[in-house]
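Understanding the architecture of this molecule
Letter by letter, the chains look like this.
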Amino acid sequence: MDLAYTQEEQEFRARLREWLARVLPELPPKPSPDDWPGRRAYDLGWQRRLYDAGYAGLHWPVDAGGRGATPTQHLIFLEETERAGAPYVGANFVGLLHAGPTIAAEGTAEQRARWLPPVLRGDEVWCQGFSEPGAGSDLASLRTRAVRDGDAYVVTGSKIWTSHAEIADWCELLVRTDPAAPRHRGISWLAMPMDAPGVTVRPLRTLAGSTEFAEMFLDGVRVPVSHRVGEENDGWRVTMVTLSFERGTAFVGEVVACRRTLGGLARAARANGRWDDPVLRRRLGRLHAEFGALWRLTQWNVSEAMGDPPVGAESRTRGRQGGVPGAGGSVFKLAYSHARQELYDAAAEVLGADSLALDEEWVRERLSSLSYTIAAGTSQIQRNIVAERILGLPKGR
């Protein structure tokens, strides 16, 4: 990807800045962090504004409802929206960043027509039903069962850590459709309506007091066979596509946000006298370098996912043609998870006793950062992927 901006890209940036400056002051106040119906309405309202202005699904393929923008335009969009303090994807991050791209890459024409436009318009919210109480990092050991009954699957089991399940319309659901097959070959990927009879959602309260996660219990839920994405028992391969998006491109806006947070920390340190500590300055300087490198890696992954890898890219690390990130997403996920934790540890050092107030955003983000080495695949799993798929090392026994 050529990082020198063309005249067209500079004009795109200017138009986007002008639009953001006009619409952001018109947004209603943000709802309370605990008001999930209010947050859903706020986030979907912002998504509708993006859709009406032609910015929704900017980087999605045209035949999936997007604008087919270049990687550079997508990165400009992320930079400018974050710099302006615009809302992020919020409650529908699964639909916009995981399920939607997966359906765009793997779904039939009918499935793409049914599910992608409502995601882009801000009409429907998705959640993810992958992890189970006994199947987290070892996802292939999942036991939620789907038994074929005519033109439907009857699903029984439970899921955990299901983000925004209480306000979701759809769930990207992993089920075992052939218990006799090897564990990676008996899984299917379903789109399950959350209002189907037999679905029970129970919110979970996190360390920070938030309830964005939930347990989900499935008791004889009927899901049409037409809602299966990919072939029956080929769900593990489809899941790898989903996880490639989750690890490779779903965090790109957060990298920009972390770089902005780091700048805020430097200003706070200058204001409270902590900047005089050379050890702290060195720590912040190292974080500045790390997040700069992560942004370059983000540019690589976005380019790769959009079918335009940088010149000279090694074929082993290239994503599959058609818009799916490669194993480089695991490199990013591993490095970003630890850099984010380090960033908020540094925030605690800069802010001192002020960082102990639980109503402070810094503290909420610090507590949240602790989960990043687990969420979207543990750091141990990412190291295995990097070792096997990029370095070519043999699988561990």
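We now turn to the structure provided with this report. What you see is a predicted model, and the numbers here were worked out from it, not measured in a lab. (Residues numbered from 1 in each chain as written. Predicted model: local features only at pLDDT ≥ 70, side-chain atom pairs only at ≥ 80, totals over all residues. Heavy atoms only, no water.)

Description of the packing of aromatic side chains
Counting across every chain of the model gives 8 aromatic pairs. Between the aromatic rings of W126 and W170, the centroid separation amounts to 5.9 Å while the plane-to-plane angle is 25°, which identifies the pairing as stacked. In this pair, W126 is assigned in strand 1 (residues 126-129) and W170 in strand 4 (residues 170-176), connecting sequence segments 44 residues apart. The exposure class assigned to W126 is buried, which follows from its relative accessible area of 1%. In this structure an aromatic cluster arises from ring pairing among F12, W19, W46, Y55 and F77. Its guanidinium or amino end placed over the ring of Y153, R148 lies 5.8 Å from that ring's centre, counting from NZ or CZ. Just above the ring of W275 sits the side chain of R270; from NZ or CZ to the centre is 4.2 Å. (Phe/Tyr/Trp six-rings, centres within 6.5 Å; stacked < 30°, edge-to-face > 60°. Helix = DSSP H or I, 4+ residues; strand = E, 2+ residues; numbered from the N terminus. Buried < 20%, exposed > 50% of the residue type's maximum accessible area, 1.4 Å probe, protein only. Lys NZ or Arg CZ within 6 Å of the ring centre and 35° of its normal.)

What to know about the packing of helix 4 (residues 93-106) against helix 5 (residues 109-121)
One way to put it is that helix 4 packs onto helix 5 with a least axis distance of 10 Å and a crossing angle of 155°. In terms of orientation, helix 4 lies roughly antiparallel with respect to helix 5. Where helix 4 crosses over helix 5, the two elements pack in a sense that is left-handed. Residue-level contacts link G95, L96, G100, I103, A104 and A105 of helix 4 to Q111, R112, W115, L116, V119 and L120 of helix 5. (Axes fitted to C-alpha atoms, helices over the stretch in contact; angles between N-to-C directions. Parallel < 35°, antiparallel > 145°, perpendicular 65-115°, else oblique. Left-handed = near helix turned anticlockwise from the far one by under 90°. Contact = heavy atoms within 4.5 Å.)

Some details on the side chain of Q111
Take Q111: it is sitting in helix 5. For Q111, a relative accessible area of 6% translates into the label buried. A distance of 3.0 Å separates a polar atom in the side chain of Q111 from the backbone nitrogen of T108. Those residues in contact with Q111 that lie beyond four places of it in its chain are I103, L116, S226, H227, R228 and V229. (Polar contact = N/O pair within 3.5 Å; in protein donor to acceptor, adjacent residues only side chain to side chain.)

Overview of the packing of helix 2 (residues 36-53) against helix 5
The N-to-C vectors of helix 2 and helix 5 enclose an angle of 105°; their axes lie 7 Å apart at closest approach. One way to sum up the angle between helix 2 and helix 5 is to call them roughly perpendicular. Together, Q47, R48 and Y51 of helix 2 and V119, L120 and R121 of helix 5 make up the contact between the two elements. When the residues that make up the contact of helix 2 with helix 5 are grouped by side-chain class, the tally is 3 nonpolar, 1 polar and 2 charged. (Nonpolar A, V, L, I, M, F, W, Y, C, P; charged D, E, K, R; others polar.)

With respect to the environment of G66
Looking at the element boundaries, G66 is found in the loop between helix 2 and helix 3 (71-83). Taking the C-alpha atoms as reference points, G66 and Y51, separated by 15 residues in sequence, lie 9.6 Å from one another. Apart from residues no more than four positions distant in its own chain, G66 is found in contact with G57, W60, P61 and L120.

Focus on the nonpolar core
Counting residues in hydrophobic clusters, the biggest one holds 68 residues, and the most contacted among them are W19, W46, Y55, W126, W189, F291 and L343. Core analysis: the second largest hydrophobic core is formed by 22 residues, A146, A168, V175 and V221 among them. (Core = buried A, V, L, I, M, F, W, Y, C linked by side-chain atoms within 4.5 Å.)

Some thoughts on the pairing of strand 7 (residues 213-224)
Here strand 3 (residues 152-159) runs beside strand 7; their pairing, made up of 8 bridges, is antiparallel. Paired with V154 across the bridge in strand 7 is R222. Two strands pair when backbone bridges link them, and strand 6 (residues 199-204) and strand 7 are joined in this way by 6 bridges, in the antiparallel orientation. If you follow L204 over to strand 7, its bridge partner there is F213. (Pairing = 2+ DSSP bridges.)

Some details on helix 1 (residues 7-23)
Its 17 residues place the ends of helix 1 25 Å apart at the C-alpha level, agreeing with the 24 Å of an ideal helix rising 1.5 Å per residue. Residues of helix 1 that are buried include every one of E9, F12, R13, L16, W19, L20 and V23, and no others. Around the axis of helix 1, the buried residues are gathered within 130° of arc, so they sit on the same side. Facing away from the buried surface of helix 1 by more than 90 degrees, the exposed residues are Q7 and A21. (Expected span 1.5 Å × (residues − 1). Arc of directions from axis to C-beta.)

Some thoughts on the pattern of salt bridges
Pairing is possible between side chains of opposite charge, provided their charged atoms come close. Summed over the entire model, instances satisfying the criterion amount to 24 salt bridges. When the shortest N-O distance is used, the salt bridge between D52 and R48 registers 3.1 Å. Here R48 and D52 lie together in helix 2, a separation of 4 residues that amounts to about one turn. According to the relative accessible area criterion, D52 is exposed, its value standing at 56%. (Salt bridge = Lys/Arg side-chain N within 4 Å of Asp/Glu carboxyl O.)

Things to note about unusual backbone geometry
A positive phi is found at H164, a non-glycine position, where the angle reads about 60°. You can call H164 buried: its relative accessible area is 6%. In this model, N233 sits at a positive phi of 70°, which is unusual for a non-glycine residue. One can find N233 in the loop between strand 8 (228-229) and helix 6 (235-248).

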